[in-house]
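Geometric and topological summary
Single-letter residue listing:
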Amino acid sequence: MQIQQKKWTPERTWETLRSDINDSSVYQLVIVFGSRILLSSPGFYEEIRNQYPKAEILMNSTSGEIIDTQVNDDTISLTAIRFDKTKFTSQSINIGDFSNSMEAGKIISDKFPHEGLSNILVISDGQMVNGSDLVTGLQSSLPKNVVVTGGLAGDGSRFQKTLVGLNEQPTEGKIIAVGFYGNNLTVSHGSMGGWDPFGPERLVTKSSANVLFELDGQPALSVYKKYLGEYSDELPGSALLFPLSVKLNDSDESVVRTILSINEDDQSLTFAGNIPVGSYARLMKANFDRLIEGASNAAMNSLQKLEKPDLAILISCVGRKLVLNQRIEEEVEVIRDILGKTTAITGFYSYGEISPNKGYMNCELHNQTMTITTMSEK
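Here is what the cut-offs are and how they apply
Residues numbered from 1 in each chain as written. Predicted model: local features only at pLDDT ≥ 70, side-chain atom pairs only at ≥ 80, totals over all residues. Heavy atoms only, no water. Pairing = 2+ DSSP bridges. Helix = DSSP H or I, 4+ residues; strand = E, 2+ residues; numbered from the N terminus. Axes fitted to C-alpha atoms, helices over the stretch in contact; angles between N-to-C directions. Contact = heavy atoms within 4.5 Å. Buried < 20%, exposed > 50% of the residue type's maximum accessible area, 1.4 Å probe, protein only. Core = buried A, V, L, I, M, F, W, Y, C linked by side-chain atoms within 4.5 Å. Left-handed = near helix turned anticlockwise from the far one by under 90°. Nonpolar A, V, L, I, M, F, W, Y, C, P; charged D, E, K, R; others polar. Parallel < 35°, antiparallel > 145°, perpendicular 65-115°, else oblique. Salt bridge = Lys/Arg side-chain N within 4 Å of Asp/Glu carboxyl O. Phe/Tyr/Trp six-rings, centres within 6.5 Å; stacked < 30°, edge-to-face > 60°. Lys NZ or Arg CZ within 6 Å of the ring centre and 35° of its normal.

1. Topic: the sheet that holds strand β1 (residues 2-9)
One open sheet holds the six strands; their spatial order is β2-β1-β7-β3-β4-β11, and the pairing between them is mixed. Both edges of this open sheet fall to β2 (13-19) and β11 (164-166), since each of them pairs with a single strand only. Mean inter-strand twist for the sheet, computed between neighbouring axes without regard to direction, equals 15°. As paired elements, β1 and strand β7 (residues 76-82) share seven bridges and run antiparallel to each other. Bridge pairing in β7 places W8 opposite I76. Sheet contacts for helix α2 (residues 42-51): β1, β2, β3 (29-34), β4 (56-61) and β7; angle to β4, the most-contacted strand, approximately 150°.

Set out below in structure tokens:
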């Protein structure tokens, strides 16, 4: 695997950070993470297409761009990949063409021939798509051994609209998946949080998909406000600092859920992933050192099949970025320390992370985690 990495900033335009092969025409897959404002400009796609005329080009908007150990805002992070032996294929759909996110997930997974399929990387619109249902649909018809990782596009802390595109100008509503084939590419993963739970576990007694109405038979928003204290006056923005840990019905493992919005009229909370009736929820709060430790643990977990990955794709949550603030690069730096100096690192801050939960093959939508996909080609 050969890699080329570039960064665009208003001050310096394009800057090459790494180039295993200088001839851009040999690269087969280009992954571009950038701010929504920049990606809204048609000129960037055309410029990248001219640089990489033979490549599949995946682009999505972010809440911050990761390249090497840098975390940037209002930039473009580009990683071009040339595989020596690995074959891949890409698919694109629009959520507007389907009745729901689960159907969309199933349809896009059905587009991939299953023979030899080992991994799918999925990047989805972060506002119009229900991430939990997308993941359920994706896995419904895939072979059990296929690892699914990825994330939901971001839009800073604005939560207005997100953009995703494959071989075209990025737009709203798109879901992109890249399927990798054969035994020459080894893919591993890691996903960890680092938030501290507090307060009692509460039973989800009324919900609908990703909207939570009642905890222990009480209005969810009033319960939530009770524990936030003075932070309740800053909702919904302050909700990024206090996610929920949700223990799903069929598993002892917990996932973290971020609140996207609140409704004073019906006292409900809307999350970035589903909150099933019968599950147990518990509030969480930030612990700076444990968030950094979570990133470190995610990196170690991502090495379960690999000693020295060629590439690491980091997808972390916008909530972590807001909490860590000026310390945000620390979570990328600890990952670099663990992966080593030769691994190319790219990634973005998202509205949701997609990865198996620890050692389990079944994929989940996560919030407020650092999720890492590592790749190495024989």
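2. As for unusual backbone geometry
The backbone of N167 shows a phi angle near 55°, a positive value even though the residue is not glycine. Note on placement: N167 falls in the loop between β11 and β12 (174-181). The exposure class assigned to N167 is partly exposed, which follows from its relative accessible area of 27%. A positive phi angle, close to 60°, is found at Q267, a residue other than glycine. Within the element layout of this structure, Q267 appears in the loop between β19 (259-263) and β20 (268-271).

3. A few points about the nonpolar core
With 26 residues, the main nonpolar core has L117, I120, V148, I175 and I354 as its most contacted residues. Mapped onto this core, the elements with two or more residues apiece are α3 (101-110), β9 (117-124), α4 (131-139), β10 (147-152) and β12. One finds L29, L58, F180 and L311 within the second-largest nonpolar core, a separate group that totals 25 residues.

4. With respect to the pairing of strand β21 (residues 280-285)
For strand β14 (residues 196-208) and β21, the ladder comprises five bridges, and the chain directions are antiparallel. Bridged to F198 within β21 is L283. The sheet contact formed by strand β17 (residues 244-247) and β21 spans four bridges and is antiparallel. Paired with S245 across the strands is R282, a residue of β21.

5. Some points on the sheet that holds strand β26 (residues 370-377)
An order of β6-β5-β23-β22-β26-β13 is seen for the six strands of this open sheet, with the pairing classed as mixed. Pairing within the sheet leaves two strands with one partner each, and these edge strands are β6 (70-72) and β13 (185-192). If you compare each strand with its neighbour and ignore which way they point, the axes differ by 15° on average. Relative to strand β23 (residues 344-350), strand β5 (residues 65-67) runs antiparallel, the two being bridged by three bridges. In the strand pairing of β23, E65 is matched with F348. Against the sheet, helix α6 (residues 288-301) touches β13 and β26, its axis set at about 155° to β13.

6. Considering the environment of L306
Within the secondary structure, L306 sits in the loop between α6 and β22 (311-317). In this structure the C-alpha to C-alpha distance between L306 and I175, which are 131 residues apart in sequence, comes to 29 Å. Not counting residues within four places of it along the chain, the set of residues in contact with L306 comprises T186, S188, T374, M375 and S376.

7. A few points about the environment of I262
By secondary structure assignment, the location of I262 is in strand β19. Looking at I262, the relative accessible area reads 24%, which means it is partly exposed.

8. Overview of the packing of α3 against α4
With their axes 6 Å apart at the nearest point, α3 and α4 run at an angle of 35° to one another. The two elements α3 and α4 meet at a crossing, and its hand is right-handed. In this structure, α3 contributes S101, M102, G105, K106, I108 and S109 to the contact, and α4 contributes D133, L134, T136, G137 and L138. Partitioned by chemical class, the residues of the contact of α3 with α4 number four nonpolar, five polar and two charged.

9. A closer look at the packing of α6 against helix α8 (residues 328-339)
Two elements in contact, α6 and α8, have axes whose closest approach is 8 Å; the angle formed by their N-to-C orientations is 30°. Relative to α8, the element α6 is oriented roughly parallel. Seen from above, α6 lies across α8 with right-handed handedness. Seen from α6, the contacting residues are L291, I292, A295, S296, A299 and M300; seen from α8, they are E330, E331, V334, I335, I338 and L339.

10. A few points about the pattern of salt bridges
Applying the stated criterion to the full structure yields 16 salt bridges. With a shortest N-O distance of 2.8 Å, K321 and D73 are connected by a salt bridge. Here K321 is found in helix α7 (residues 318-324), whereas its partner D73 is found in the loop between β6 and β7, with 248 residues between them in sequence. For K321, a relative accessible area of 15% corresponds to the buried category. Residue class for D73 comes out partly exposed when judged on its relative accessible area of 44%. If you follow the salt bridges from partner to partner, you end up with R36, D155 and R158 in one network.

11. Things to note about the packing of aromatic side chains
Across all of its chains, the model carries 10 aromatic pairs by this definition. Geometrically, the ring pair formed by W8 and F44 is edge-to-face, given 4.9 Å between the ring centres and 85° between the ring planes. Of this pair, W8 sits in strand β1 while F44 sits in helix α2, and the two are 36 residues apart along the sequence. Members of the aromatic cluster, joined through ring pairs, are F198, Y227, Y231 and F242. Between K206 and the ring centre of F213, over which it is positioned, the NZ or CZ distance is 5.3 Å. A cation sits over an aromatic face here: K285 above F198, 5.4 Å from the ring centre.

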